[in-house]
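The chain contents come next:
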Amino acid sequence: ADAYVNRGNALSAKGDAGRAIADYTAALGADPNDAAAYYNRALARQRQGDIDSAIADGDRAIALDPSPAAYNNRGSARQAKGDYAKAIADLDRAIALDPQAADPYINRGNAKRATLDLAGAIADYSKAIALSPDSAPAYYDRAWTHFLGGDNAAALADADRAIALDANASSAFFTRGLVRERLADQDGA
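None of these values were measured; they are calculated from a predicted model.

Here is what the cut-offs are and how they apply
Residues numbered from 1 in each chain as written. Predicted model: local features only at pLDDT ≥ 70, side-chain atom pairs only at ≥ 80, totals over all residues. Heavy atoms only, no water. Helix = DSSP H or I, 4+ residues; strand = E, 2+ residues; numbered from the N terminus. Buried < 20%, exposed > 50% of the residue type's maximum accessible area, 1.4 Å probe, protein only. Expected span 1.5 Å × (residues − 1). Contact = heavy atoms within 4.5 Å. Polar contact = N/O pair within 3.5 Å; in protein donor to acceptor, adjacent residues only side chain to side chain. Phe/Tyr/Trp six-rings, centres within 6.5 Å; stacked < 30°, edge-to-face > 60°.

Colleague: Go over unusual backbone geometry with me, naming the residues and quoting the values.
Modeller: Unusually for a residue other than glycine, L116 sits at a positive phi of about 70 degrees. As for its placement among the helices and strands, L116 is situated in the loop between α7 (102-114) and α8 (118-131). Although it is not a glycine, A184 sits at a positive phi angle of roughly 65 degrees. Within the secondary structure layout, A184 lies in the segment after α11 (170-182). Of the residues examined, A184 reaches a relative accessible area of 61% and is grouped as exposed.

In C-alpha cells form, the structure reads like this:
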C-alpha cells in the first residue's frame, strides 16, 4: 500500500490526478484502512472537480485518522461544494487540533468571505499571516476581501505584499489593478 501511495503522491505532484487516484485506489485494495490513501485520493479528486467523492474520501480519512490536515482538506472540499456551514465546522475542528497551522485559517477565511462575513474573513487571514508571514495566498485573500469591503488602501497594501512574496501571483495583480481602477489610476491599473 505504501508504494502505491508514494507513487500516487509523485504522480499528483506532477499534475496527473487520474493516475494518482488509480494508485491510491490500488493502495486501498491492499489496505482498506490506509488513512493516507483516502486523504491523498480526496485531494486528487478535488483537483479533478469530483467534490462529492473527495468529501466521501475525507469522511473515511477522518474516521481512520482525525488529523487537522484531514479536517482542513474536507473543509476545503465542502467549501468548493458551497456547503459553507459544514466547511467552517471542519475548519474550526482543524484549528482546534492545530492552532499553529496557517492553511485552515486561510480556508476558513475563504468560507467566511463566501458567506459575506468579511470581518471574520479578515481576522482569519490576519491570523494566518501572523502564523506564516510569507504566505502570499493569505495576503492575496485578505486583499480581495478588503477590496470587497471597500477598503482600497488595505487592499492595495496587501496586494503589493502578495506580489512582493510571489511575483507570479496573478490574482494579486488582478486585485491591485481593480483597486487602482477604482481609485481612477488608469495607468496604474
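Colleague: Give a description of helix α3 (residues 35-47) that names residues and reports values.
Modeller: The terminal C-alpha atoms of α3 lie 19 Å apart, and with 13 residues this matches the ideal 18 Å at 1.5 Å per residue to within 8%. If you check which residues of α3 are buried, you get A35, A37, Y38, N40, R41, A42, A44, R45 and Q46. At its buried positions, α3 is contacted by α1 (2-13), α2 (17-30), α4 (51-64) and α5 (68-81). Its side-chain oxygen placed 3.1 Å from the backbone nitrogen of A36, D34 serves as the N-cap of α3. Immediately beyond the C-terminal end of α3, within one or two residues, lies G49, with a positive phi of roughly 90 degrees.

Colleague: Which residues make up the packing of aromatic side chains, and what values go with them?
Modeller: Inspection of the entire model under this criterion finds two aromatic pairs. Ring geometry for W144 against F174: centres 6.3 Å apart, planes inclined by 35 degrees, an arrangement best described as tilted. Of this pair, W144 sits in helix α9 (residues 136-149) while F174 sits in helix α11, and the two are 30 residues apart along the sequence. Judged by its relative accessible area of 48%, F174 falls in the partly exposed class. Put simply, the rings of W144, F147 and F174 touch in pairs and so form one group of aromatic residues.

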